[in-house]
Structure formats: structure tokens, C-alpha cells
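Per-entry structural report
As a plain string of letters, each chain reads:
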Amino acid sequence: MRTPLSLLAAGAFALLGSTALPTLASAEDISFIYCGDKVGPVHQRVIGEWNAANPDDQVKTEVVGWEQCQDKATTLAAAGTPVGLAYVGSRTLKEFAQNDLIVPIPMTDAEKASYFPNIVDTITFEDKQWGVPIAFSTKALFWNKDLFKQAGLDPEKPPTTWAEEIEMAKTIKEKTGKAGFGLVAKTFDNTMHQFLHWVYTNNGRITDAEGNVTLDSPEVLAALKAVKDITPYSEEGPTAYEQNEVRAIFLDGQIGMIHNSTGAIPRLKGTKIDWGVANLPLGPEAKGPGTLLITDSLAVFNGSGVEEKAIEFAKYITAPAVQEEYELTGDDGLVPLRPSANVDKFVAENPDWKPFIDGIKSGGPEPLFTDYKGFQNAMITMVQSVVTGQATPEDAIKTASAEIERFK
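Conventions and cut-offs
- Counting starts from 1 at the beginning of each chain's written sequence and moves along it residue by residue.
- Only residues with pLDDT of 70 or above have their local features reported here, since the model is predicted, and side-chain atom pairs are shown and tallied only from 80 upward, although totals for entire chains, interfaces and linings are computed over all residues.
- Side-chain descriptors were evaluated using all non-hydrogen atoms of the structure, hydrogens and water having been removed beforehand.
- When the sulfur atoms of two cysteines come within 2.5 Å, that pair is taken as a disulfide.
- Runs of E in the DSSP output that reach at least two residues are strands. Runs of H or I that reach at least four are helices, and both are numbered from the N terminus.
- Burial classes: relative accessible area under 20% of the type maximum marks a residue as buried, over 50% as exposed, and values in between as partly exposed (1.4 Å probe, protein chains only).
- Among buried residues, the Ala, Val, Leu, Ile, Met, Phe, Trp, Tyr and Cys ones that are joined through side-chain atoms within 4.5 Å form a nonpolar core.
- Residue ranges for the domains originate in an automatic or database domain assignment.
- Note on contacts: a residue pair qualifies if any of its non-hydrogen atoms lie within 4.5 Å across the two residues.
- Two strands qualify as a pair provided DSSP detects at least 2 bridges between them.
- Angles shown run from 0 to 180 degrees and are taken between the N-to-C directions of axes, each axis being a line fitted to C-alpha atoms and, for helices, limited to the stretch in contact.
- Method remark: on a 1 Å grid restricted to protein atoms, a set of points is classed as a cavity if a 1.4 Å probe fits but cannot get out and as a pocket if it is open with protein on both sides within 12 Å along at least five of seven lines; lining residues have an atom within 4 Å of a point.
- Grid points are joined across faces, edges and corners, and a volume is the space filled by probe spheres set on the points.
- Three categories are distinguished: nonpolar for Ala, Val, Leu, Ile, Met, Phe, Trp, Tyr, Cys and Pro, charged for Asp, Glu, Lys and Arg, and polar for the others, with Gly belonging to the last.
- Buried area adds together the accessible area that both of two parts lose upon being put together, with accessible area traced by a 1.4 Å probe.
- For this analysis, a salt bridge means a side-chain nitrogen from Lys or Arg found within 4 Å of a carboxyl oxygen belonging to Asp or Glu.
- Identification of polar contacts relies on pairs of N or O atoms within 3.5 Å, with a donor-acceptor requirement for protein atoms, meaning one able to donate a hydrogen and the other able to accept it, and with residues adjacent in sequence counted only if both atoms are side-chain atoms.

Turning our attention to the state of the cysteines. Inspection of every chain in the model, using the stated rule, returns 1 disulfide. A sulfur-sulfur separation of 1.9 Å characterises the disulfide bridge that pairs Cys35 with Cys69. Every disulfide takes its handedness from the sign of the S-S torsion; for Cys35 and Cys69 that torsion is -85°, giving left-handed. Taken together, the residues span a long stretch of sequence, with Cys35 in strand 1 (residues 30-35) and Cys69 in helix 4 (residues 66-78) at a distance of 34 residues. Overall, the relative accessible area of 1% leaves Cys69 in the buried class.

Within the largest apolar cluster, 78 residues are counted, with the highest numbers of intra-cluster contacts made by Phe32, Leu85, Phe142 and Phe301. Counting contributing residues per domain, this core is built from domain 1 (30-137 + 293-365) and domain 2 (139-289 + 369-405), each supplying no fewer than three. For Phe32, the contacting residues outside a window of four places in its chain are Ile47, Val59, Lys60, Thr61, Glu62, Leu85, Ala86, Tyr87, Leu298, Phe313 and Ile317.

On to the environment of Ile249. You can see Ile249 is positioned in helix 11 (residues 243-251). Between the C-alpha atoms of Ile249 and Tyr87, which are 162 residues apart in sequence, the distance is 31 Å. Ignoring sequence-local partners within four residues, the contact set of Ile249 consists of Tyr241, Gln254 and Ile255.

Moving on, we come to the sheet that holds strand 10 (residues 275-278). Here we have 4 strands laid out as an open sheet, ordered 8-9-7-10, and mixed in their pairing. Among the strands making up the open sheet, the edge pair consists of strand 8 (179-181) and strand 10. Averaged over all adjacent pairs, the angle separating strand axes in this sheet is 25°, with direction ignored. Pairing of strand 8 with strand 9 (residues 255-260), which is carried by 2 bridges, proceeds in the parallel orientation. Residue pairing for strand 9: Ala179 is matched across the bridge by Ile255.

Under the counting rule described, the total for this entry stands at 2 cavities of 30 Å³ or more. Approximately 70 Å³ is the volume found for the largest cavity. Residue lining of the largest cavity: Phe181, Gly182, Leu183, Val184, Thr191, Gln194, Phe195, Trp198, Val227 and Val383, and that is the complete set. Broken down by element, the residue count for the lining of the largest cavity peaks at 4 residues, all from helix 9 (residues 189-200). Residues belonging to the lining of the largest cavity are distributed by class as follows: 7 nonpolar, 3 polar and no charged. Computed from the structure, the second largest cavity encloses a volume of approximately 30 Å³. What lines the second largest cavity is simply Gly182, Val184, Gln194, Gln243, Val246, Ile258, His259 and Asn260. Those elements that provide at least two residues to the lining of the second largest cavity are helix 11 and strand 9. Among the elements that take part in the lining of the second largest cavity, strand 9 stands out by supplying 3 residues, more than any other.

Entries for the protein chain in the domain assignment read domain 1 (30-137 + 293-365) and domain 2 (139-289 + 369-405). With centres defined by C-alpha atoms, the gap from domain 1 to domain 2 works out at 28 Å. Between domain 1 and domain 2, the residue contacts involve 18 residues of the former and 23 residues of the latter. Here domain 1 meets domain 2 over a buried area of about 1800 Å², counting both sides, of which 53% is carbon and sulfur. Taken as a group, Arg91, Asp352 and Phe356 account for 33% of the area that domain 1 buries against domain 2, more than any other trio of residues on that side. Applying the counting rule to domain 1 against domain 2 returns 0 salt bridges. One can count 5 residue pairs in polar contact (both at pLDDT 80 or more) joining domain 1 with domain 2. If you list the elements that add at least two residues to the side of domain 1 that touches domain 2, you get helix 5 (93-98), helix 16 (354-358) and strand 12 (364-365). Residues that form the side of domain 1 that touches domain 2 fall into these classes: 6 nonpolar, 7 polar and 5 charged.

So this is what it looks like as C-alpha cells:
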């Protein structure tokens, strides 16, 4: 199924009328759209090393802010002037692939096996890999020990199950008047992400290995019911809050528990809050610690004329030793993509990071859909309808399941 480019690049073509296209690089150059404010020191060094060793295949990097980065790569590809490669959310790879905008990036069995479990699934569609992972995020439970004490709970014993999490949230709300849990339900992508944490801590899946929609399953329904059950003990009006806004309230000492990334760790160390971090609580069908696995990838664009060299460079800049250095010495708080002795040493020295590794084995990927935004919006609407009481979990999940069939 080929998706109309108007869907793929919704909003991106507007850039063509307002932003001049860059001067095209020479035929041998590998143009690289790099997301962020600047190229970090590790990548800066590695790009320099590549260019020194490949005088006929120079990497020309253009730094683009996060909000415009992916739209710019999409716009150029749809206009027939693709860059060599770009940093993209892995969630979009199927969409790009279905429109012949990117090329597959073959991986050997050894390359696949070098990653933590399930990570390669985030870039795989029809048994082909369509990107090279370059950044990785998972989630864990953070809890406020001070609020636990005020509520009469043991501050050293966070919840390990959904039932405990809901009961503790209730106790905190009733005993302290503050929110027991930070619920994310704004019209924003991480509302869907947060719901998927519940799904993947109950052995649920949104699609199966063949791409069939499995949203309407007992495991996923239980996750949606748990979200409904914890809503009364969360902050007022959760549909007004996205993940970072909920985290800000937690950092102000007004929420008992949140699900968040490693990015919360340095922020908490700058507060007076007595806090802890643990594995996400598990649902009744869980097989082990779980989490949503979110990756960003390097995608190689079709028609640039430098596809083979771009693939070679993408693997060069994400080689195990380079990637590990980038993850463990950078300021981005990235979860390592691959296991290693150095990663083990880092976690031993920084035990707050252990829960973010533990959840990987039983975690699950962002599902790949041809119309990812359509899928995402249907999932957000489902969560919001339950949180606001406009629909029962049973009705909401059936409605969403039928709708996302259109976006496969």
C-alpha cells in the first residue's frame, strides 16, 4: 500500500513555499541532516575521521532544530532533492519505506544480535531493516519518598504491581491531598507513549509479527482499565498535561509517582526531594519487567546517488565503540543500545540507571504504521475518552481498534 505524499508530509510541503531549498552538495558529498542544536563532540570527531579517510565521499552536516528536522528531510525527499541521510524517529520508517523515499539497510545476524533484545524490531518492516538506531529511550517509575512518608507508606518500598500502584496513588491522594500519580493525557505524542508503557508491562502488543492489529486484546484492555482506575488519584485535568509538564509538577513535590525517562535523574538531583527510581509496576499478565522502546534512527534516502556510501557512514557513526562513547559521555541521557562490559560498569556506578535497562528484555517497540500520525491520534483519542469518562475502556478500545486498521 502506497501512502499519498500529502499524508506523509502533512505540513512539510508548506516549507517549500516559505523556505529556500539548500544548495545541493556535489555528487560525491553525503548530505546529512543532524537534529538538535549542535553536533556533539563524539560525532564531530567521528565525522572528521570519516572525512579524513574518505576524501571523495565527504559528509556535509546540516544541523536542524528538533521541531523542523524531520519535516525538512521529508520535504526534500518528496520534492525529489533528497539528502543522503537524516536523523528520524523510527516510528516513521514504514511510512518512508512505503513511499520509496528510503532504502533498506541490510544487517547481518551478528549486527542484529549486538543490540539489546527487541531494539531491531523498532526499525524492521517486512523482514527488512530501514534505519540504523542512533538514540534510545526507555521509562521507569520515579517516586517521592517524602510524600510516601506523609501518606504513611513505606518510602523504601515502591509499587511492583499495577494494583499496588493504584492503591498507593489512592492513599497519597487521600492522606496528603496531592496527586498520587502523574497521568499524561494531553493531545501530544507522549500520551500514546505513556499508554504503551502500561501495555508492555502486561505482555500486550498493538500489532503482531505479521502486522495484524491486536489492540482489542485482554492484555491491552487491562492496561486501559488500569489507566481509568488510577485517574481519580492523579493530577486534576490530566488531558491538559504532557510528559514534561507532569514531570515539572513532580519536581515541585506535588505528585507521588510518575513514569519518566532518564532525563528526570539530573533534574531530581538538583532538588530537595527524597526520591527513588524502580522498574515500572507490572500488570497481571506480565512475563517480566517491561517498557516502551523508543528509538531514533539514521535513514538513508532513495535517489541521492550516494546510498551505498551513506549506509556505510551510518554504520560507521553508530559502530559499537562509537555509540557507546556517545551514550555514556553525552548530556542527552540516552539509554545504551547494546550490552557491554562498559555498560555494566556504568550501571554499577550509577544504579539509578538499572531500571531503564531491566525493562528492555520484555519491552516492545513503537508500532510501525503507514500513517503513523493517524494511528497516534486514534490512540490519544482512546486514552482521553476513558480518562474523561466519555467512553468505557471496552467501547474505547473497540472504536480505536477499528480505526487504526485504516492506518496499517
